Amino acid sequence: MKDYGKITHFFKDGSRPQASCKSTACWNKRNHPKRRHYLEERYNAQKIEKKWQEFWDREKLFAVTEEAGRPKFYCLEMFPYPSGRIHMGHVRNYVIGDVITRYKKMRGFNVLHPMGWDSFGMPAENAAIKHGVHPSKWTHENIAYMKDQLKKMGLVYDWQREVTTCSPEYYKWNQWFFLKMLERGLAYKKASSVNWCPSCETVLANEQVVNDGCWRCDTAVVQKDLEQWFFKITAYAEELLKDADTLSGWPEKVVTMQRNWIGRSEGVEVDFRITGSERKLRIFTTRQDTLYGATFMSVAGKHPVIQELVKDEEILRQIKALSDDPEEKQGVFTGCYAENPLTGDSIPVYAANFVLMEYGTGAIMAVPAHDQRDFEFAKKYNIPLKVVIVERSGDVSVDPSNPGTLESSDPKEAFEDYGTLVKSGPYSGLSSEEKKKKIADFLEREGLGKKVVNYKLRDWGISRQRYWGTPIPIIYCPSCGIIPVPEDQLPVILPEDVHISGKGGSPLAETKGFVNIKCPRCGADARRETDTMDTFVDSSWYFIAYCLGGNEKVDFNSELSTLNSQLSYWMPVDQYIGGIEHAVLHLLYSRFFTKVLRDLGLVRVNEPFKSLLTQGMVIKDGAKMSKSKGNVVDPDFLVGKYGTDTVRIFSMFAAPPERDLEWSDQGVDGALRFLNRIWTFIYKNHDVLSIKAGNQLKDVSHFSASASQLLRKTHQTIKKVTNSIERDYHFNTAIAALMELVNETLAFSPSDEDERDLLRYTVRQVILLLSPFAPHFSEELWREIGESGVLFNENWPAWDDDIAKDEEIELVVQLNGKVRARITIAAGLDDDTIRERAFSDEKIQELIKGKSPRKVIVVQGRLVNIVI
RNA sequence: GCCGAAGUGGCGGAAUUGGUAGACGCGCACGAUUGAGGGUCGUGUGGGGAGACCUAUGCGGGUUCGAGUCCCGCCUUCGGCACCA
């Protein structure tokens, strides 16, 4: 175990950062050579930040190893796509993580805080098309630049664990997972109608279509029939849903979005016999209680039954011509009739534009009286309604034989609620809920149907017709068919010498050296798969790669026991921080991958992320920062102008992390002012403060009122800052509390040596509390007050509740709930005494003169309310 | 349409279990320092009123000694889903 506490020098070569008082006005320089200033007179952020960044980097202070018995904390921020430069959203995200990391470190945790690059993806290809630079070169240059930016922000990571998803060492394992999933039937290929982005010229998964547009470029998505590879995420639908209940550290909003996305519904599948045919039409419904009310059926335009049974060309033409406008219900009568299995009624079968082939069975029974869509459809095509459920109306019981039907009363809309059944044969008079179960049982018993569970969640299509991604390790052989690349031939390297034109299809298809290959089974000429994987595959397990030591160290074939000891030490991620935009996409895929990896015996956790913090956007002038709006703030510029500590303080102070943050240049000035005031104060009081403070105060009994107050405030602040961080990472209130303490500290003038001790003690606590937020600044001041260790190896300050307790409190005296007086009393008096004090107040006596109070309420530490 | 979150000074935002509304910061005003500006420091700052006081947390009700906080009904804004049978 590293003993950080014993570091006495600063750099490995034994040199120390030089004390640097250049001020000629500094008398200490002449008179007290042994107590020289460490600080310069003025706060020069650029200078000190560079120094400490080099120091942290050189000492690798955030390199961690598993230490059995020491509590771990895995703090993770969503890794960036290396688009070229860090933006303010990154700054906010990563500063939050850095503050948590430094805080947890000071609380004694073994903190894993890694960083990497989500470096496969379209912008690299676009750059290649536009500027003729190879995606690889472009990506690696961006990574180098952005890594430097992160360091300049004072973010500390275990860079030894860095991952870069576009490197073969990394994407090899994407391919390996693919093969493992193929073996288990979790990866498969099928032809289907897919979402196609004409601009990106690639397929998109369902989750990646946002408002009918591409999640990346907003281009309208079209449907296209293609063969592509899928991951069978639906095999885990039930578990993903069930385990959503265990995500107590996640925002409820995100969990709800995932539940809705999975979209579980319980119902029955029922077979309807088609009149004059052996063909049965299977439908899915969750409202089998309305089965008696079915007056027609609807099937999707693409339903196979149409091809089988409809012979009339004109009808087929009309079905094809059905509009896909969601506003307008449209249908065509197929000429077929079906039999209701419960009533034997013959009802017409329509093709309808609102029935989805992809959900359920692609066919429904239509109950216009109890489903709004069916209702609208029935009205349009003059199909009769049959009311089978009526509202339960209090104590008025409905006579099942004569329900007073709504049929004649021409309802305006369908009655979709549960209620009491009418006109439903033997089930009449029962409640919907009761009948649902009975009918389901009956159908199952009679072989007419079965209970099923349906999900909205679709399998995850991962094929992308792009170059800059992980090659799918598959070979197509004319005689052997689809052959997986043998495991020992991984990775299938993405060739570098390709021509990227941006015109149609993947460039890999035209790269002969890549495509043409011998079949590993029979040796015949064969072709490689030229699609690459969705980049969300890369980000679905990167948090596991970090645990194993980063890019080069990942090896899932190595001894499982070694793997397991690393993974079970670090996993799950204790705190994950990132944008809400991944609420479904990345977070759902990662949960799925974790479960698959668990079933492969690689990890032991069911869920990857214990707690999730979704930070708000950074906005300016009321809108999200964007080039087109011209309201972007450049982090490089800010750090150059103010220094990163000021930027960090403002970012953490201006709003709680989950809310949007309105950027304010004047607010940043204020943050700098705050730091400057502390700096100047410590510099000016050098002769008092440069003496190292003890951890205990000697004698506080004779303290002046102002000294007692400062001591109390110090402990109150430690408590408040700690609680703000622990409770919900509300750094804004933590910093506000620190500002209050600083204000009081600066106003304090000690009157003797014990009180000077107090000042030293308080300043020491301030620096410790400030250090996660303004780390460079704090390290510098730490030296000035005679300390030598590294700040984040110090213990986080503790408070004493007895000292933090107020001795005197101001009490509000209310008359009938309105504040009428304020009295100052000693803390801890009993109710009777407090009441007495309240009544003896002159103003109160005046106001209640002659009246006798009806009631007096005493709230300890708060107020007295006299009701007259 | 359905689901969820949020509405507090000129602005960003504070307010354990219902208990002093507006902490902290920005801005603004006045004063000090300075030749001047900037910077820094001090004082003040929800609205109304000379004042005692009155009035204020989107709007309207309710519960309570007491409501930003709890309940009912609306309005607005922002997110998510949107024919899922």
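If you're wondering where the values come from, they're calculated on a predicted model, not measured in any experiment.

What about the overall build of chain A?
Okay, step 1: In terms of regular secondary structure, chain A is built from 27 helices and 34 strands.
Okay, step 2: If you line up chain A on its principal axes, its C-alpha atoms span 110 × 95 × 50 Å.
Okay, step 3: The buried share of chain A, reckoned over its 868 residues, is 55%.
Okay, step 4: A separation threshold of at least 6 residues defines the contact pool for chain A, and within that pool the share at least 24 residues apart is 73%.
Okay, step 5: Total accessible area on chain A is roughly 39100 Å²; 49% of this is exposed by carbon and sulfur atoms.
Okay, step 6: Of the side chains in chain A, 115 bear a positive and 120 a negative charge, and the two mean positions are spaced by 3 Å.

Quick word on the protein's contact with RNA strand B
Okay, step 1: Taken together, 44 residues lie near RNA strand B, and T286, P326, R373, R822 and N865 sit nearest.
Okay, step 2: Among the atoms of RNA strand B lying within 4 Å of the protein, the sugar-phosphate backbone contributes 62%.
Okay, step 3: Those elements giving two or more residues to the surface near RNA strand B turn out to be strand 11 (280-285), helix 19 (665-684), helix 22 (731-746), strand 31 (808-815), strand 32 (818-826), strand 33 (855-859) and strand 34 (863-867).
Okay, step 4: Grouping the constituent residues of the surface near RNA strand B by class yields 18 nonpolar, 10 polar and 16 charged.

Focus on the environment of M153
Okay, step 1: By secondary structure assignment, the location of M153 is in the loop between helix 5 (135-152) and strand 4 (163-164).
Okay, step 2: If we ignore the near neighbours within four places in the chain, the residues touching M153 are Q53, I86, V91, V639, T644, R648 and H776.

Looking at the sheet that holds strand 21 (residues 474-477)
Okay, step 1: One open sheet holds the 4 strands; their spatial order is 22-21-24-23, and the pairing between them is antiparallel. Either end of the sheet is taken by a strand with one partner, and the two such strands are strand 22 (481-484) and strand 23 (516-518). The average undirected angle you get between the axes of adjacent strands in this sheet is 40 degrees.
Okay, step 2: Sheet analysis places strand 21 next to strand 24 (residues 525-528), joined by 2 bridges and oriented antiparallel. Residue I475 lies in a different strand from strand 24, and its bridge partner there is R528.

Comments concerning the pattern of salt bridges
Okay, step 1: Scanning the entire structure with this criterion turns up 58 salt bridges.
Okay, step 2: With its nearest N and O atoms 3.4 Å apart, the salt bridge here joins R259 to E252.
Okay, step 3: For R259, a relative accessible area of 27% translates into the label partly exposed.
Okay, step 4: Residue classification places E252 among the exposed positions, given a relative accessible area of 51%.
Okay, step 5: In this structure, E328 engages K380 in a salt bridge whose closest nitrogen and oxygen atoms are separated by 3.1 Å. A residue pair is termed long-range when its members are at least 10 positions apart, and E328 in the loop between helix 10 (313-320) and strand 13 (331-339) and K380 in helix 11 (residues 372-381) qualify at 52 residues.
Okay, step 6: Residue classification places K380 among the partly exposed residues on the basis of a relative accessible area of 39%.
Okay, step 7: The network of salt bridges with common partners includes E239, K242, D243, R591, K595, R598, D599 and E607.

Some remarks on the packing of aromatic side chains
Okay, step 1: Overall, the coordinates contain 51 aromatic pairs when judged by the stated rule.
Okay, step 2: Pairing Y157 with W159 gives two aromatic rings, centres 5.4 Å apart and planes at 75 degrees, and the pair type is edge-to-face. A single burial state applies to Y157 and to W159, both of which are buried.
Okay, step 3: Judged by centre distance (5.7 Å) and plane angle (65 degrees), the rings of F354 and F377 are edge-to-face. Residue F354 is located in the loop between strand 14 (346-352) and strand 15 (363-366), and its partner F377 is located in helix 11; the two are separated by 23 residues in the primary sequence.
Okay, step 4: In this structure F354 comes out as buried when scored by relative accessible area, which is 18%.
Okay, step 5: Against the face of W56 rests R102, its NZ or CZ located 4.4 Å from the ring centre.
Okay, step 6: Residue placement shows R528 over the ring face of F514; its charged tip is 5.4 Å from the ring centre.

Examining the packing of helix 2 (residues 45-59) against helix 17 (residues 635-642)
Okay, step 1: At a closest axis distance of 7 Å, the pairing of helix 2 and helix 17 adopts a crossing angle of 110 degrees. Classed by the angle they form, the pair helix 2 and helix 17 counts as roughly perpendicular. Facing helix 2, whose interface residues are A45, Q46 and E49, helix 17 presents V639, G640, K641 and Y642.
Okay, step 2: When its residues are assigned to classes, the contact of helix 2 with helix 17 shows 3 nonpolar, 2 polar and 2 charged.

Quick look at the side chain of T511
Okay, step 1: On the secondary structure map, T511 appears in the loop between strand 22 and helix 13 (512-515).
Okay, step 2: Look at T511 and you get buried, because its relative accessible area is 11%.
Okay, step 3: Among the polar contacts made by the side chain of T511, one reaches the main-chain carbonyl oxygen of P507 at a distance of 3.0 Å.
Okay, step 4: Excluding residues within four positions of it along the chain, T511 makes contact with P495, D497 and V498.

Some points on helix 6 (residues 168-183)
For the α-helix, the turn length of 3.6 residues means that residues three or four positions removed from each other point alike.
Okay, step 1: Over its 16 residues, helix 6 extends 22 Å from the first C-alpha to the last, a length consistent with the 22 Å expected when each residue adds 1.5 Å.
Okay, step 2: Trailing helix 6 by a residue or two, G185 shows a phi angle of about 75 degrees, which is positive.

Overview of the nonpolar core
Soluble, globular proteins show a tendency: their nonpolar side chains are buried together.
Okay, step 1: Formed by 193 residues in total, the largest nonpolar core has its most connected members in W460, F556 and W663.
Okay, step 2: In this structure, V305, I315, I389 and Y427 belong to the second largest nonpolar core, which totals 37 residues.

Description of the pairing of strand 13
Okay, step 1: Where strand 10 (residues 265-274) lies against strand 13, 2 bridges are found, and the strand directions are antiparallel. Paired with I274 across the bridge in strand 13 is A338.
Okay, step 2: Here strand 13 pairs with strand 14 via 6 bridges, running antiparallel. Looking at the pairing, A338 lines up with I347 of strand 14.

Overview of the confidence of the model for chain A
Okay, step 1: When pLDDT is averaged across chain A, the result is 88; 93% of the residues are at 70 or more.
Okay, step 2: Here residues 1-33 scores under 50 on pLDDT; set against residues more than four positions off or in separate chains, the count is 57 contacts.
Okay, step 3: Every residue in residues 394-408 is under pLDDT 50, and counting partners more than four places away or in other chains gives 14 contacts.

Definitions and cut-offs
Residues numbered from 1 in each chain as written. Chains lettered and ligands numbered in written order. Predicted model: local features only at pLDDT ≥ 70, side-chain atom pairs only at ≥ 80, totals over all residues. Heavy atoms only, no water. Helix = DSSP H or I, 4+ residues; strand = E, 2+ residues; numbered from the N terminus. Buried < 20%, exposed > 50% of the residue type's maximum accessible area, 1.4 Å probe, protein only. Contact = heavy atoms within 4.5 Å. Areas by Shrake-Rupley, 256 points an atom, 1.4 Å probe, with all protein chains shown as cover. Lys, Arg positive; Asp, Glu negative; His and termini not counted. Charge placed at Lys NZ, Arg CZ, Asp CG, Glu CD. Near = heavy atom within 4 Å. Nonpolar A, V, L, I, M, F, W, Y, C, P; charged D, E, K, R; others polar. Pairing = 2+ DSSP bridges. Axes fitted to C-alpha atoms, helices over the stretch in contact; angles between N-to-C directions. Salt bridge = Lys/Arg side-chain N within 4 Å of Asp/Glu carboxyl O. Phe/Tyr/Trp six-rings, centres within 6.5 Å; stacked < 30°, edge-to-face > 60°. Lys NZ or Arg CZ within 6 Å of the ring centre and 35° of its normal. Parallel < 35°, antiparallel > 145°, perpendicular 65-115°, else oblique. Polar contact = N/O pair within 3.5 Å; in protein donor to acceptor, adjacent residues only side chain to side chain. Expected span 1.5 Å × (residues − 1). Core = buried A, V, L, I, M, F, W, Y, C linked by side-chain atoms within 4.5 Å. pLDDT = per-residue confidence, 0-100.

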